[in-house]
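# Analysis of the macromolecular model
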Amino acid sequence: MAATNLGVILAERGLTARAIDVWRPAFDRHPEASELGVDLSMGLCKSGDWKGAVDELRTVLAHNPDFDSARQMAAALARGP
């Protein structure tokens, strides 16, 4: 998905807020896109929005409960920053 790739490029360049602005609407439209949701969650964590990251991971896991990286990330966030 183009939004995933563009967001990753922006995040790699240190433009996390812009990456989130790309990922969020794309994930809202395609909540089944698990990798996109994890990318969004990681961006939110990096920006300090732990609650937002957990919320997005819940959406990922609601659509794909066997997605290991989302489950591991959610477990890590549950332990706190």
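Residues numbered from 1 in each chain as written. Predicted model: local features only at pLDDT ≥ 70, side-chain atom pairs only at ≥ 80, totals over all residues. Heavy atoms only, no water.

### Details of helix H2 (residues 16–29)
In this model H2 runs 20 Å from its N-terminal to its C-terminal C-alpha over 14 residues, within 8% of the 20 Å that 1.5 Å per residue would give. Along H2, the positions that sit buried rather than exposed are Thr16, Ala19, Ile20, Trp23, Ala26 and Phe27. (Helix = DSSP H or I, 4+ residues; strand = E, 2+ residues; numbered from the N terminus. Expected span 1.5 Å × (residues − 1). Buried < 20%, exposed > 50% of the residue type's maximum accessible area, 1.4 Å probe, protein only.)

### Notes on the pattern of salt bridges
Evaluation of the coordinates by the stated rule reveals 4 salt bridges. With its nearest N and O atoms 3.4 Å apart, the salt bridge here joins Arg58 to Asp55. Here Asp55 and Arg58 lie together in helix H4 (residues 50–63), a separation of 3 residues that amounts to about one turn. You can call Arg58 exposed: its relative accessible area is 56%. Where Asp68 meets Arg71, a salt bridge forms, and the shortest distance between an N and an O atom there is 3.2 Å. On the criterion of helical spacing, the pair formed by Asp68 and Arg71 is a turn pair, its members being 3 residues apart in helix H5 (residues 68–78). By relative accessible area, Arg71 is classed as partly exposed at 38%. (Salt bridge = Lys/Arg side-chain N within 4 Å of Asp/Glu carboxyl O.)

### Things to note about the side chain of Glu56
Tracing the backbone shows Glu56 in helix H4. Relative accessible area serves as the criterion here: at 11%, Glu56 is assigned to the buried category.

### Concerning the nonpolar core
In this structure, Leu36, Val38, Leu40, Leu57, Ala70, Met73 and Leu77 are the most contacted members of the largest nonpolar core, which totals 20 residues. At the level of secondary structure, the elements contributing two or more residues to this core comprise helix H1 (2–12), H2, helix H3 (34–46), H4 and H5. The contact partners of Val38, leaving out residues within four places of it in the chain, are Leu57, Val60, Phe67, Ser69, Ala70 and Met73. (Core = buried A, V, L, I, M, F, W, Y, C linked by side-chain atoms within 4.5 Å. Contact = heavy atoms within 4.5 Å.)

### Description of the packing of H2 against H3
Helix packing for two helices is described by the angle between their axes and how far apart those axes are. Where H2 contacts H3, the axes come no closer than 9 Å and their chain directions differ by 145°. In the packing of H2 onto H3, the handedness of the crossing is left-handed. Facing H2, whose interface residues are Thr16, Ile20, Trp23, Arg24, Ala26 and Phe27, H3 presents Leu36, Gly37, Asp39, Leu40, Gly43, Leu44 and Lys46. Its residues placed into classes, the contact of H2 with H3 shows 7 nonpolar, 3 polar and 3 charged. (Axes fitted to C-alpha atoms, helices over the stretch in contact; angles between N-to-C directions. Left-handed = near helix turned anticlockwise from the far one by under 90°. Nonpolar A, V, L, I, M, F, W, Y, C, P; charged D, E, K, R; others polar.)

### Observations regarding the environment of Ala74
Mapping Ala74 onto the fold places it in helix H5. Classification of Ala74 by relative accessible area gives partly exposed; the value is 25%. Taking the C-alpha atoms as reference, Ala74 lies 8.4 Å from Ala53; in sequence the two are 21 residues apart. What Ala74 contacts, discounting residues up to four positions off in sequence, is Leu57 and Leu61.

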